[in-house]
Amino acid sequence: MELRKRLEKATFAAPEKTRIMAVANQKGGVGKTSSAVNVAVALAKGGLNVLVIDSDPQGNASTALGIPHDPEIASLYDVLIEDEPLSAIVTPSPEAESLLCAPATIDLSGAEIELVPMVARESRLKNALADYFTEREEQGLPRLDYVLIDCPPSLGLLTINALVAAREVFMPIQAEYYALEGIAMLWKNIDLIRKHLNPDLVVSTILLTMYDARTRLAAQVAEDVREHFPTQTLDTVIPRSVRISEAPSYAQTVLNYDPNSTGALAYRAAAHEISRRPEPKN
Ligand SMILES: Nc1ncnc2c1ncn2[C@@H]1O[C@H](COP(=O)(O)OP(=O)(O)O)[C@@H](O)[C@H]1O
Ligand SMILES: [Mg+2]
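Nothing here was measured: the structure is a model prediction, and the numbers come from that model. (Residues numbered from 1 in each chain as written. Chains lettered and ligands numbered in written order. Predicted model: local features only at pLDDT ≥ 70, side-chain atom pairs only at ≥ 80, totals over all residues.)

### Let's talk about the site of ligand 1
Stated formally: We call a residue near a molecule or strand when its C-beta atom, built from the backbone, sits within 6 Å of it. Working definition: helices are DSSP H or I runs of at least four residues, strands are E runs of at least two. Numbering for both runs from the N terminus. Three categories are distinguished: nonpolar for Ala, Val, Leu, Ile, Met, Phe, Trp, Tyr, Cys and Pro, charged for Asp, Glu, Lys and Arg, and polar for the others, with Gly belonging to the last.
Taken together, 18 residues form the shell around ligand 1, and within it Lys32, Thr33, Ser34, Ile244 and Ser245 come nearest. Taken together, the elements giving at least two residues each to the shell around ligand 1 come down to α2 (32-45), β7 (202-211) and α10 (242-246). Of all the elements, α2 adds the most residues to the shell around ligand 1, at three residues. Here the residues of the shell around ligand 1 sort into six nonpolar, 10 polar and two charged.

### Concerning the pairing of strand β8 (residues 233-239)
Quick reminder of the rule: Any two strands with at least two DSSP bridges between them are considered paired. Orienting the strands away from the viewer, one traces the path from the first strand over the helix to the second; a clockwise path indicates a right-handed crossover.
Across three bridges, the pairing between β7 and β8 is parallel. Note on β8: the bridge partner recorded for Ile206 is Thr233. Read from β7 through helix α9 (residues 216-228) to β8, the crossover connection turns out right-handed.

### So, the sheet that holds strand β6 (residues 168-174)
The criterion, for reference: Once C-beta atoms have been placed from the backbone, residue pairs whose C-beta atoms lie within 7 Å are recorded as contacts. To obtain an axis, a line is fitted to C-alpha atoms, over the contacting stretch when the element is a helix, and the angle between two such axes runs from 0 to 180 degrees between their N-to-C directions.
The strand order across the open sheet built from eight strands is β3-β4-β2-β5-β1-β6-β7-β8, with neighbouring strands paired in mixed fashion. Because the sheet does not close on itself, it has two edges, and the strands there are β3 (91-92) and β8. Pairing of strand β2 (residues 50-54) with strand β5 (residues 146-150), which is carried by five bridges, proceeds in the parallel orientation. The partner of Asp54 across the bridge, within β5, is Asp150. Sitting on the sheet, helix α7 (residues 157-165) touches β1 (19-23), β5 and β6, and the angle it makes with β1 is about 155 degrees.

From the geometry alone we can't say anything about function, so treat these as descriptive.
Spelled out as structure tokens, the structure:
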């Protein structure tokens, strides 16, 4: 059966417990935000309850999910710095039913510095998320199946908060030269976080993005990544696709902007693969 037909029939199984994934790579422009929003929309369209936390001051994930994020609205900044509950900022996304987004505004750029002197500065997102889960339960709201945290392109306190709040790291890697060198530093930081702050953290998912099937370089990079990370790397690769890059300017994800494009199909396949893979166990 062709991929599109197979995916239309595909059911997305709910995980045993909420899967919390930090979408991280300290390099900019590798497809973190595109992967976070498109996988999130695909999972939600598959019937799952999904929350995207936009933890990049640029607010690209908020834009793609059609969530306003002008400086005057309450955002992740207020949660991390002002102790606002997540429930005060979580907004339904028009991209899919059962998809929620905690938006970021430009204020968040100040949080990197404002967090420094704070108590439990590395655990503020983790604590806010735990309170949010409890609040949802008390209100009889359904359990969230996936939480995807879109990280900024740095290894500062915002990314650290995401890595402490998460159980899994979801690492998009752009299929280009130096791809592996770029993640060595991230890997070292993940080891440090595991040692000191979050012993359960695992790099569960690696996704090759912007894959250009016409070049030998892309194939070579993919082979190297698979050789280093055989169990983590998804079979699905995301092709280079103009539709993926056009979608945000319409405040949409490619899954709604052009659902049958190769980029949309690839993200649905990636989401389906993530939902079928074994969850990390304690
Ligand atoms: N598969 C793709 N094909 C073409 N352009 C892409 C693809 N994935 C992302 N882009 C574009 O590349 C740029 C960087 O992607 P983005 O997801 O914002 O990366 P990051 O969040 O890591 O900075 C954006 O302009 C995005 O629209
Ligand atoms: Mg981004």
